[in-house]
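Spelled out from the first residue to the last, the chains are:
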Amino acid sequence: MPAPITLMAAADVREALAAAQRGDTPTAVHALLSIDATSWQGIAERLAAVGGSLPALLAALHPAEEP
């Protein structure tokens, strides 16, 4: 069974994803750094179960700009 994710961590992930989509990197980083270690484990386990990762998800929301 995956590690638990706190409600606060879930809100932090949501804020990080929304900020990344807006291109607001400082807010995304702040939200990600607010997540506790146990919730991080649960998030990573759930993403891995569907073949993903948080870096891949963030990259998909905010693809690198071409020169």
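This section reports on the structure supplied with the text. This structure is a prediction, so every number in the text was calculated from the model and none was measured. (Residues numbered from 1 in each chain as written. Predicted model: local features only at pLDDT ≥ 70, side-chain atom pairs only at ≥ 80, totals over all residues. Heavy atoms only, no water.)

1. Describing the overall build of the protein
Check the secondary structure of the protein and you find four helices and zero strands. Going residue by residue from the N terminus, the α and β elements of the protein occur as α-α-α-α. In terms of overall dimensions, the protein has C-alpha extents of about 45 × 25 × 15 Å along its principal axes. Split into buried and exposed, the 67 residues of the protein put 27% on the buried side. Considering only residue pairs separated by 6 or more positions, the protein has 60% of its internal contacts joining residues 24 or more positions apart. Accessible surface, the protein: about 4,600 Å² in total, of which carbon and sulfur atoms supply 65%. (Helix = DSSP H or I, 4+ residues; strand = E, 2+ residues; numbered from the N terminus. Buried < 20%, exposed > 50% of the residue type's maximum accessible area, 1.4 Å probe, protein only. Contact = heavy atoms within 4.5 Å. Areas by Shrake-Rupley, 256 points an atom, 1.4 Å probe, with all protein chains shown as cover.)

2. Notes on helix α2 (residues 25-33)
Buried residues of α2: Ala 28, Ala 31 and Leu 32, and no others. Taken end-on, α2 shows its buried residues confined to a sector of 100°, consistent with a single buried face. Facing away from the buried surface of α2 by more than 90 degrees, the exposed residues are Pro 26, His 30 and Leu 33. Buried residues belonging to α2 abut α1 (7-22), α3 (37-49) and α4 (54-61). (Arc of directions from axis to C-beta.)

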